Number of protein chains: 2
Amino acid sequence: MEYFSRVSPGKKQESLRVKMGSFENKMGQAGDSQQEAFRQRCRSAGLRITPQREAIFQALTGSVEHPTVDTVYQEVRRLMPHISFDTVNRTLNTLCEIGAAFVVPGTDNVRRFDGNLSDHQHFRCIKCKRIVDFHHGPFDNVPVPDVLAGRFIVMRKTVCLEGFCDQCTTNPMDNVTQTTSGNR
Amino acid sequence: MEYFSRVSPGKKQESLRVKMGSFENKMGQAGDSQQEAFRQRCRSAGLRITPQREAIFQALTGSVEHPTVDTVYQEVRRLMPHISFDTVNRTLNTLCEIGAAFVVPGTDNVRRFDGNLSDHQHFRCIKCKRIVDFHHGPFDNVPVPDVLAGRFIVMRKTVCLEGFCDQCTTNPMDNVTQTTSGNR
DNA sequence: TTCATTTTTAGTAATTATTCCTATATAGTA
DNA sequence: TACTATATAGGAATAATTACTAAAAATGAA
Ligand SMILES: [Mn+2]
Ligand SMILES: [Mn+2]
Ligand SMILES: [Zn+2]
Ligand SMILES: [Zn+2]
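Here is what the cut-offs are and how they apply
- Residues numbered from 1 in each chain as written.
- Chains lettered and ligands numbered in written order.
- Predicted model: local features only at pLDDT ≥ 70, side-chain atom pairs only at ≥ 80, totals over all residues.
- Heavy atoms only, no water.
- Donors = N, O, S within 2.8 Å, 3.2 Å for Na, K, Ca; no water.
- Tetrahedral: all angles 85-135°; square planar, octahedral: opposite > 155°, others 65-115°.
- Helix = DSSP H or I, 4+ residues; strand = E, 2+ residues; numbered from the N terminus.
- Core = buried A, V, L, I, M, F, W, Y, C linked by side-chain atoms within 4.5 Å.
- Buried < 20%, exposed > 50% of the residue type's maximum accessible area, 1.4 Å probe, protein only.
- Salt bridge = Lys/Arg side-chain N within 4 Å of Asp/Glu carboxyl O.
- Pairing = 2+ DSSP bridges.

J.: Which parts of the structure should I look at to understand the coordination of the zinc ion (ligand 4)?
T.: Ideal donor angles around a metal are set by the shape: a four-donor tetrahedron calls for 109.5 degrees, a six-donor octahedron for 90 or 180 degrees. Residue and element names in this part refer to chain B. Donor atoms from the polypeptide that coordinate the zinc ion (ligand 4) comprise C125 (SG), C128 (SG), C165 (SG) and C168 (SG), at 2.3 to 2.4 Å from the metal. Given four donor atoms and angles of 106 to 113° at the metal, the environment of the zinc ion (ligand 4) is assigned as tetrahedral. Sequence spacing of the donor residues for the zinc ion (ligand 4), all on one chain, is C-x2-C-x36-C-x2-C. Within this pair, whereas C128 is found in the loop between β5 (121–125) and β6 (131–134), its partner C165 is found in the segment after β7 (153–164), the two being separated by 37 residues in sequence.

Here's what the structure looks like:
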């Protein structure tokens, strides 16, 4: 049986990546190898490498915003004005299926995607709806509880944090619902 | 700084509640006190106690299925044939706002509600879409990472597990998408 | 209890997110 | 280059959620 403890075995380097610009590539070099890794992943999955797929993947990984389908669509059409929304939506689903991306778990009704496969976690701001990446080593491999082990196959373990982000901590209860009054 | 550890300080009683019947009350006695607690919560929030609110809350807490709005609607209309879908939807949102219920975090596009406020966690089956309750003590109070502490206000910490449930572990990759091919 | 005030509901329309359909275009291969 | 299975574009359809408003019901004061 495995538990959370409060021991502190030496400083771990933890990172908090806050957004800086929306859709800039993080690094030129890294972007290229990442793109090649993506092409290889497509080949392994028996999928064709199309300009649309590459552009969509690049838009996704070039953003730290955890964009919605529509946001990716708006970005990609700047380079490919004729791309259709459906292609973006379908491709993002495909990326998730082949493990090149995933949907960030949450309680909203708009799916938000992440193409960053490195170990990290998310903080969702319930006010501005921002999803902030952070990394806390102990969250990378949360142990599977005994009650589930054996009978259940756990494919993904996620620690989800919600609350008010650093930009919203002044007057947190003010205008909690930024967009609409309800949920969608 | 706080970490997950692998120590096992004596057996903790862990429970795994699998669904048995859909909308039966878990206990007659518990149901009554629960209902009174709900009425008190409404009063504290300045909300009126209406038959609809009580029925909706009862339908929610009387189920272990983490029902969708529509499922609650179908159940409540058996007793209140004239209730509208909108009332159910709006009321479920209200229950979440006053802390009498919450939306189970996930990556699907249908919101699923939970009126069980006792400490527990969820396993989401990606095949049959079932949400299974379980309880693993160490998950109840996941420590807030240092990178967030201070600048971020963490309101909710959730450990989300996904995979194949006990009923779906035979041929897990068979027919992964039970309902549609996509997501909604 | 009665009345005036406030809140909620029912029914329906509107909005938003996502998926489906299908003719055309294209990537990968021989 | 030609062939063929797969992918795309464009638009229509479906599904989930929310908005609107007249009518009904609850609340609190008289
Ligand atoms: Mn991320
Ligand atoms: Mn639950
Ligand atoms: Zn915020
Ligand atoms: Zn299952």
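J.: Would you take a moment to explain the nonpolar core for this structure?
T.: Proteins that are soluble and globular tend to have nonpolar side chains buried together. With 26 residues, the main nonpolar core has F123 of chain A together with F123 of chain B as its most contacted residues. Those elements that provide at least two residues to this core are β5 (121–125), β6 (131–134) and β7 (153–164) of chain A together with β5, β6 and β7 of chain B. Judged by nonpolar contacts, the second largest core, of 21 residues, contains L60, I83, V88 and L92 of chain B.

J.: What exactly am I supposed to notice about the pattern of salt bridges here?
T.: Pairs may arise between side chains of opposite charge once their charged atoms sit close together. Enumeration over the complete set of coordinates arrives at 20 salt bridges over all chains. With a closest N to O distance of 3.9 Å, R124 of chain A and D108 of chain A form a salt bridge. Remark: D108 of chain A occurs in the loop between β3 (102–103) and β4 (113–114) and R124 of chain A occurs in strand β5; sequence separation between them is 16 residues. In this structure D108 of chain A comes out as partly exposed when scored by relative accessible area, which is 23%. Salt-bridge contacts for D166 of chain A lead to R151 of chain B; the nearest nitrogen and oxygen are separated by 3.9 Å. Here D166 of chain A is found in the segment after β7, whereas its partner R151 of chain B is found in the loop between β6 and β7 on a different chain.

J.: What is the right way to read the coordination of the manganese ion (ligand 1) from this model?
T.: All names here are of chain A. Only H66 (NE2), D114 (OD), H120 (NE2), H122 (NE2) and D133 (OD) from the protein reach the manganese ion (ligand 1) as donors, at distances of 2.0 to 2.2 Å. Sequence spacing of the donor residues for the manganese ion (ligand 1), all on one chain, is H-x47-D-x5-H-x1-H-x10-D. Pair noted here: H120 is in the loop between β4 and β5 and D133 is in strand β6, with a separation of 13 residues, a long-range link. Here H120 falls in the buried class, since its relative accessible area comes to 14%. Relative accessible area serves as the criterion here: at 5%, D133 is assigned to the buried category.

J.: Would you explain the pairing of β5 of chain A in this entry?
T.: Within a regular beta strand, the side chains point alternately toward one face of the sheet and then the other, so they alternate between its two faces. Residue and element names in this part refer to chain A. In terms of residue burial, β5 counts as a mostly covered element, since five of its five residues are buried. Covered by surrounding structure in β5 are Q121, F123 and C125 together with H122 and R124, the residues of both alternating faces. Across four bridges, β5 lies against β6 in antiparallel orientation. When the sheet's bridge partners are listed, Q121 is paired in β6 with F134. Connecting β5 to the antiparallel partner β6 that follows it, the hairpin turn spans five residues, and K129 within it adopts a positive phi of roughly 70°.

Taken by themselves, the reported measurements are silent on function.
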